[in-house]
Amino acid sequence: MRVRVRGIYATALTKILLEEGVGVAHSSKKIRERFNLPENKEPPTVTIKDTDQKHGVVIVGEYEHGKKVYEVLKESIEDSFSWTSKLPLHAIVKGRVVKTEKGKSVVDLGEYRGILNEEVEEGSEVLVDVARPFLPNENYAKLSTNYTVYGKFVALIKGAGRRVIFSKHITNKSLRSDLLRLSALTNIKDWSVKWRSSAVIGEFSEMIEDLNQTYEKAEEIIKKGEKAEVGEIVYEGEFFSILCFGKEAKKKLDDIRMSVLPTIEGHHSFKSMNESEVVDLAEHILSFGIGDREKISKAVSSYVVSLMREQLISIEHISLLSGDVKRLTPGKVLEIDEDLFRIKRIFKSGGIYDGLNVEKNPGDYDLMEFSTELPFVLHKYFGRDGEFKGVYVNLNTPPEISRNAVRYVDVEIDVVASGERVEVIDRDSLERCYELGIISGELKEYYTNIAEDLRDFLLNFEELPELTIRDLEKAVKT
């Protein structure tokens, strides 16, 4: 097992893996220097890389190796959340078509079902590829008849014509030309050749051997698929999981990185929020032995906060159930008091306030309050004339900030108050996250207790329009 680690979490994750006896490969020059590692040109069997929004990492690779790496990191980093594909990515499975309409076919895969974007006769058997990750909250896998089979340096794709494709990480024109020539030396038919990023470290003799062996394996898989039973996985594909780090998990990663080189408190939080420049400068100063870590960390935080004043702040709401990042109506900062923030959001369109079931009109506004140390956000909704409409307390991970954004992971369960109604809502959604393995039982209980404390407090709070985040902070016993 060899793991390639890239991105803003690379140093901390590399240390965890090395201490657990997991080998790393194809490391960056910086990582090799930090851990005194020799240059290793063995192709990785697992890759860890940042998610697009940098709120966590993607783990992808040979199934058993990827699963082991995931288990090591999940065990080591508490308060993390995960979305793992229910079927391996690009697994090739025998299925039976149970329904066809409007250009799509529903395919029975045994334990699961999937959707194929083509019409196939009902009752017929079909060999399909799991074309994208099949995440826990999804009811149907996305399927394709373009099969993908992986080698060390190459992937072969059937059904996409006969062409040569390059990973975006292969940028060297001379290498691309050489790989085109290598591809032409084989007798591969009916498969496209995709050169993986590991081809940048491969020897030509190794790569031509891998190409031929992968072709032989791919042809055997298709033959096996012809005789397979419905529900049988004839090619295992790749393990795929997204591991999301909330603020508390990132604090632990900060401390792990600090054991390797100077690291401010909030390093991974600010890096994930695109505040790399100020973090890099602060840590450069620390590396000279200048200043105190705690004081410099506070200075960085204070500087970022100072840039938020009078800015239009975007609000990134990450769904615990789906992992999707939703951007809410942005707002202007009204007040900042230490770790407490007050933002005004004005709505341009009408509708219904979710959870409150109260009408929303253009010009309505939200007075949003949060603390970077508290696991909930307070929303107080008003009409454009100042008429109070209700309270919505969103439970989430402690919010993270940058100069122009706020981000948190929404944990589904919330508390609402409007008129005589005070209620905990969406308990079932939090329970489903636990059942799907996205959240631990301890975290489920933690947030459920907070919701119940808030509900009990709001039942006896008479002046809801005057409610503050500090009032809610006192109400929580957990």
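Residues numbered from 1 in each chain as written. Predicted model: local features only at pLDDT ≥ 70, side-chain atom pairs only at ≥ 80, totals over all residues. Heavy atoms only, no water.

### Examining the sheet that holds strand β13 (residues 164-166)
For step 1, the next point in the chain: Across the sheet, four strands lie side by side as β11-β12-β14-β13; this open sheet has mixed pairing. Taken across any chain shown, the strands that pair with only one partner, and hence form the sheet edges, are β11 (147-150) and β13. On average, adjacent strands in this sheet sit at an angle of 25 degrees to one another, irrespective of strand direction.
For step 2, the next point in the chain: As judged from the three bridges shared by β13 and strand β14 (residues 191-195), these two strands associate in the parallel manner. Bridge pairing in β14 links phenylalanine 166 to tryptophan 195.
For step 3, the next point in the chain: Along the sheet face, helix α4 (residues 173-184) touches β13 and β14 and points at about 145 degrees away from the line of β13.
For step 4, the next point in the chain: Here helix α5 (residues 204-227) sits on the sheet and contacts β11, β12 (154-158) and β14; the angle it forms with β12, its principal contact strand, is near 35 degrees. (Pairing = 2+ DSSP bridges. Helix = DSSP H or I, 4+ residues; strand = E, 2+ residues; numbered from the N terminus. Axes fitted to C-alpha atoms, helices over the stretch in contact; angles between N-to-C directions. Contact = heavy atoms within 4.5 Å.)

### Some words on the nonpolar core
For step 1, the next point in the chain: Membership of the largest hydrophobic core comes to 41 residues, with the highest contact counts inside it found for Leu320, Phe376, Val393, Leu395, Leu454 and Leu458.
For step 2, the next point in the chain: In terms of residue count, the dominant contributor to this core is helix α11 (residues 441-459) (six residues).
For step 3, the next point in the chain: Not counting residues up to four positions away in its chain, the partners in contact with leucine 320 are Phe81, Trp83, Val409, Asp410, Val411, Glu412, Leu430, Cys433, Ile438 and Ile439.
For step 4, the next point in the chain: Core analysis: the second largest hydrophobic core is formed by 28 residues, Ile92, Ile170, Ala218 and Ile221 among them. (Core = buried A, V, L, I, M, F, W, Y, C linked by side-chain atoms within 4.5 Å. Buried < 20%, exposed > 50% of the residue type's maximum accessible area, 1.4 Å probe, protein only.)

### Some words on the side chain of histidine 317
For step 1, the next point in the chain: Assignment of secondary structure puts histidine 317 in strand β17 (residues 312-319).
For step 2, the next point in the chain: Residue class for histidine 317 comes out buried when judged on its relative accessible area of 11%.
For step 3, the next point in the chain: At a separation of 2.9 Å, a polar atom in the side chain of histidine 317 contacts the side chain of tyrosine 408.
For step 4, the next point in the chain: A polar side-chain atom of histidine 317 sits 3.4 Å from a polar atom in the side chain of aspartate 410.
For step 5, the next point in the chain: Sequence-distant contacts of histidine 317, defined by excluding residues within four places in its chain, comprise Asp324, Val325, Lys326, Leu328, Asn394, Tyr408 and Asp410. (Polar contact = N/O pair within 3.5 Å; in protein donor to acceptor, adjacent residues only side chain to side chain.)

### Here we look at the environment of methionine 207
For step 1, the next point in the chain: Mapped onto the elements of the fold, methionine 207 is located in helix α5.
For step 2, the next point in the chain: Its relative accessible area of 0% is what places methionine 207 among the buried residues.
For step 3, the next point in the chain: Residues methionine 207 and serine 183, spaced 24 residues apart in sequence, show a C-alpha to C-alpha distance of 9.7 Å.
For step 4, the next point in the chain: Residues in contact with methionine 207, not counting those within four places in the same chain, are Phe153, Leu179, Leu182, Trp195, Ala199 and Gly202.

### Observations regarding helix α6 (residues 247-258)
For step 1, the next point in the chain: The terminal C-alpha atoms of α6, which comprises twelve residues, lie 16 Å apart, in line with the 16 Å expected from a rise of 1.5 Å per residue.
For step 2, the next point in the chain: Taken as a whole, α6 has its buried residues at Lys247, Ala249, Lys250, Leu253, Asp254, Ile256 and Arg257. The arc that holds the buried residues of α6, viewed along the axis, is 165 degrees, so those residues lie on one side. (Expected span 1.5 Å × (residues − 1). Arc of directions from axis to C-beta.)

### Here we look at α5
For step 1, the next point in the chain: Compared with the 34 Å implied by 1.5 Å per residue over 24 residues, the 36 Å span of α5 between its first and last C-alpha is a close match.
For step 2, the next point in the chain: Inspection of α5 places Met207, Asp210, Leu211, Thr214, Tyr215, Ala218, Ile221, Ile222 and Gly225 among the buried residues, and these make up the whole buried set.

### Description of the pairing of strand β22 (residues 365-371)
For step 1, the next point in the chain: Across the seven residues that make up β22, a large majority, seven, are buried.
For step 2, the next point in the chain: Neither face of β22 is exposed, since Tyr365, Leu367, Glu369 and Ser371 on one face and Asp366, Met368 and Phe370 on the opposite face are all buried.
For step 3, the next point in the chain: Strand direction decides the pairing type here: strand β19 (residues 340-346) and β22, joined by seven bridges, are antiparallel. Residue pairing across strands places arginine 342 opposite glutamate 369, the latter belonging to β22.
For step 4, the next point in the chain: Pairing geometry for β22 and strand β23 (residues 376-382), over six bridges, is antiparallel. Residue pairing across strands places leucine 367 opposite lysine 380, the latter belonging to β23.
For step 5, the next point in the chain: Between β22 and the antiparallel strand that follows it, β23, lie four residues.

### Observations regarding the pattern of salt bridges
Should their charged atoms come close, side chains of opposite charge can pair.
For step 1, the next point in the chain: In this structure the tally under the stated criterion is 27 salt bridges.
For step 2, the next point in the chain: Of the charged contacts, one joins glutamate 473 and arginine 470 as a salt bridge, the two residues approaching to 3.0 Å between their closest N and O atoms. You can see glutamate 473 and its partner arginine 470 sitting in helix α12 (residues 469-475), three residues apart, about one turn around the helix.
For step 3, the next point in the chain: For arginine 470, a relative accessible area of 27% puts it in the partly exposed group. (Salt bridge = Lys/Arg side-chain N within 4 Å of Asp/Glu carboxyl O.)

### Remarks on the layout of surface pockets
For step 1, the next point in the chain: Quantified by volume, the largest pocket comes out at close to 1,500 Å³.
For step 2, the next point in the chain: Lining the largest pocket we find 49 residues, and of these Thr47, Lys49, Val60, Arg196 and Glu238 sit closest to its centre.
For step 3, the next point in the chain: For the lining of the largest pocket, the elements supplying multiple residues, two or more each, are β1 (2-5), β3 (46-50), β4 (56-62), β11, β12 and β16 (238-245). (1 Å grid on protein atoms, 1.4 Å probe; cavity = no way out; pocket = protein on both sides within 12 Å on 5 of 7 lines; lining within 4 Å. Points joined across faces, edges and corners; volume = space filled by probe spheres on them.)

### A closer look at a negative patch on the surface
For step 1, the next point in the chain: A contiguous patch of negative charge, built from Glu20, Glu75, Glu78, Asp79, Glu442 and Glu445, is present on the exposed surface.
For step 2, the next point in the chain: Its place among the elements puts glutamate 75 in helix α3 (residues 63-76).
For step 3, the next point in the chain: Classification of glutamate 75 by relative accessible area gives exposed; the value is 67%. (Patch = residues over 30% accessible without salt bridge, like charges linked within 9 Å, V, L, I, M, F, W, Y side chains within 5 Å. Areas by Shrake-Rupley, 256 points an atom, 1.4 Å probe, with all protein chains shown as cover. Lys, Arg positive; Asp, Glu negative; His and termini not counted. Charge placed at Lys NZ, Arg CZ, Asp CG, Glu CD.)

### Observations regarding the packing of helix α8 (residues 276-287) against helix α9 (residues 293-308)
For step 1, the next point in the chain: Put simply, α8 and α9 touch, their axes get as near as 11 Å, and they point 160 degrees apart. Compared by their axis directions, α8 and α9 come out roughly antiparallel. Taken as a pair, α8 and α9 cross one another with a handedness that is right-handed. Across the interface between the two elements, Val278, Ala282, Ile285 and Leu286 of α8 pack against Arg293, Ile296, Val300, Tyr303 and Val304 of α9.
For step 2, the next point in the chain: Residues belonging to the contact of α8 with α9 are distributed by class as follows: eight nonpolar, no polar and one charged. (Parallel < 35°, antiparallel > 145°, perpendicular 65-115°, else oblique. Left-handed = near helix turned anticlockwise from the far one by under 90°. Nonpolar A, V, L, I, M, F, W, Y, C, P; charged D, E, K, R; others polar.)

Remember that the coordinates give geometry; whether it matters functionally is a separate question.
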